[in-house]
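Summary of structural features
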Amino acid sequence: MGRTIAELVSSLLGLWLLLCSWGCPGSAEPRAPPDKIAIIGAGIGGTSAAYYLRQKFGNDVKIDLFERGEVGGRLATMTVEGQEYEAGGSVIHPLNLHMKRFVKDLGLSAVKVSGGLMGVYDGEKLVFEESPWFIVNMIKLVWYYGFQFLRMHMWVEDVLDKFMRIYRYQSHDYAFSSVEKLLHALGGDDLLGMLNRTLLETLEKAGFSEKFLNEIVTPVMRVNYGQNMSIGSFVGAVSLAGAESGLWSVEGGNKLVCSGLLQASRGNLISGSVMYIEEKTRTKQTGNPTKMYEVVYQAGSETHSDFYDIVLVATPLNRKMSNITFLNFDPPIKEFHQYYQHIVTTLVKGQLNTTMFTSRALDKFDLTAVLTTDNPDLFINSIGIVSPVREKDNPEPSIDGTHVWKIFSQDTLTKEQILKLFLSYDYAVKNPWLAYPQYKPTEKCPSIILHDRLYYLNGMEYAASAMEMSAIAAHNAALLAYHRWNGHTDMIDQEGLYEKLKTEL
């Protein structure tokens, strides 16, 4: 009898192992990787995607990156008198773990952003000025605003604590098919709801005073996003996090991360502008008809095309920025009507006219940056001293008060406006650009999955625009493309991950 039971158990075990070898995800033969992947855009999003796609799909897949401008996209520099200055994304938060990893993996160097002293100008006077003494700043903040600055710090930290969960989720290869599902998995309805409320509504409801919002919070929104308190709560929190200490940048320019990722991914850069994407049926070497995407692009005066198994769009689907047409998709791929904020970056080397801000003379003016309140009469968002992207190019300390200043403004500065800001100047170089979305509460972000194997990274910008957000979006899209290619549905859109992964420790 005992032997019969043992034989039965042995038989059942063998049957279970046989069934598992047929149907268990862990032992199933993985699908062959795609032959070719196209990435449209070689900014931080596109190059990060190439880096993570290479890690997931292996060495055999060919990865093409299309870029009509310079590698780095909006991580651009401006060259003046042989020295480069950041024109786009300038600073990186100490908790931006993707950017920290890239710098380490690529052998780049991080440079701490020098603090300096900041003031806030309301069009008539400086309503707040930092002191070189920490204790004096604390006394000023408490005297003017009570302990609201501390409450604000705690609010931002709470948002960041929830959002930081994304790094654990991605380290375990979990992916999300929409921005909303990603945010909900990180912080539930509270974090997701921040997309649908303005920063003003959220902070007024939390009891922050009008004076504090106008003089401290609004200037931060203007320098980081060129907008005011009507932006969404989530991007507002990201903006406030960018005003904290410990910020850094990449020695030689942040765009070096993009060129480094392109090289590390062994991606093939194609200099050209993508015009059309169309799904077509092709016969591969196996002889089977396969759905693929034809990418039609213009390089110089010539038009070319190629076919891809997977396509990632890593550029804003905005007619002024990419102008890509999706042909013959059923159902059709909807157009996005997200407008981007027009910002002008102006570099001026000169002596600041300090009397515009205060009665103090130039040699008594120790502020290195001036932010502004939301005053329609003001023609600048901010002005601050900048250094070249290479430390060795840093000039000697100025004797006559001449510095290179970076000015953010909504419109191109006139010569009269520059002369109002400066007693004298050697040069003024401008760079107008569409910097980031015009933020307002949104009911729904653009889809990440545009079609079966066609993905869109820049929908994440609807939540917040930052270098790290683009890297997070790229890693998510790479994981999503990999899992959908291999049928790993259990790795997509999982709720309760925070508790699940805590129990695995």
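Residues numbered from 1 in each chain as written. Predicted model: local features only at pLDDT ≥ 70, side-chain atom pairs only at ≥ 80, totals over all residues. Heavy atoms only, no water.

**What about empty space enclosed by the protein?**
Here the structure, examined in full by the defined rule, presents two cavities of 30 Å³ or more. Volume-wise, the largest cavity comes out at about 50 Å³. Taken as a whole, the second largest cavity holds about 40 Å³ of empty space. Taken together, V179, I448, Y456, L457, M460, A473, N476 and A477 make up the lining of the second largest cavity. With three residues, helix α13 (residues 467-486) is the single largest residue contributor to the lining of the second largest cavity. In the lining of the second largest cavity, the residues fall into seven nonpolar, one polar and no charged. (1 Å grid on protein atoms, 1.4 Å probe; cavity = no way out; pocket = protein on both sides within 12 Å on 5 of 7 lines; lining within 4 Å. Points joined across faces, edges and corners; volume = space filled by probe spheres on them. Helix = DSSP H or I, 4+ residues; strand = E, 2+ residues; numbered from the N terminus. Nonpolar A, V, L, I, M, F, W, Y, C, P; charged D, E, K, R; others polar.)

**Concerning the nonpolar core**
I39, W155, L183, V217, F234, I277 and L312 are the most contacted members of the largest nonpolar core, which has 123 residues in total. Counting 20 residues, the second largest nonpolar core, distinct from the first, contains L117, L126, I407 and L421. (Core = buried A, V, L, I, M, F, W, Y, C linked by side-chain atoms within 4.5 Å. Buried < 20%, exposed > 50% of the residue type's maximum accessible area, 1.4 Å probe, protein only.)

**Observations regarding unusual backbone geometry**
The peptide bond linking D330 to P331 adopts the cis configuration, its omega dihedral lying at 0°. One non-glycine residue, D173, adopts positive backbone phi at about 75°. With respect to the helices, strands and loops of the structure, D173 is situated in the loop between α6 (165-171) and α7 (179-193). For N328, which is not glycine, the phi dihedral falls at a positive 60°. When you line up the elements, N328 lands in the loop between β14 (325-327) and β15 (340-352). Assessed through its relative accessible area of 63%, N328 is described here as exposed.

**Concerning the side chain of E84**
Locating E84 in the fold gives a position in strand β4 (residues 83-86). Reaching out from E84, the side chain makes a polar contact with the side chain of R390 at a distance of 2.8 Å. Setting aside anything within four residues of it in sequence, one finds E84 in contact with T77, M78, T79, K255, P388, V389 and R390. (Polar contact = N/O pair within 3.5 Å; in protein donor to acceptor, adjacent residues only side chain to side chain. Contact = heavy atoms within 4.5 Å.)

**Some points on the environment of G253**
Mapped onto the secondary structure, G253 falls in the loop between β8 (248-250) and α11 (255-264). Given the relative accessible area of 0%, G253 is considered buried. In this structure the C-alpha to C-alpha distance between G253 and L75, which are 178 residues apart in sequence, comes to 8.3 Å. Once you skip the residues sitting within four places of it in the chain, G253 turns out to touch E86 and V389.

**Examining the layout of surface pockets**
Summary: where empty space remains is shown by rolling a probe the size of a single water molecule over the atoms. Within this model, the second largest pocket holds a volume of roughly 460 Å³. As for the second largest pocket, its lining consists of 20 residues, and the residues nearest its centre are F336, K444, C445, P446 and Y462. The residue inventory of the lining of the second largest pocket, partitioned by class, reads 11 nonpolar, five polar and four charged.

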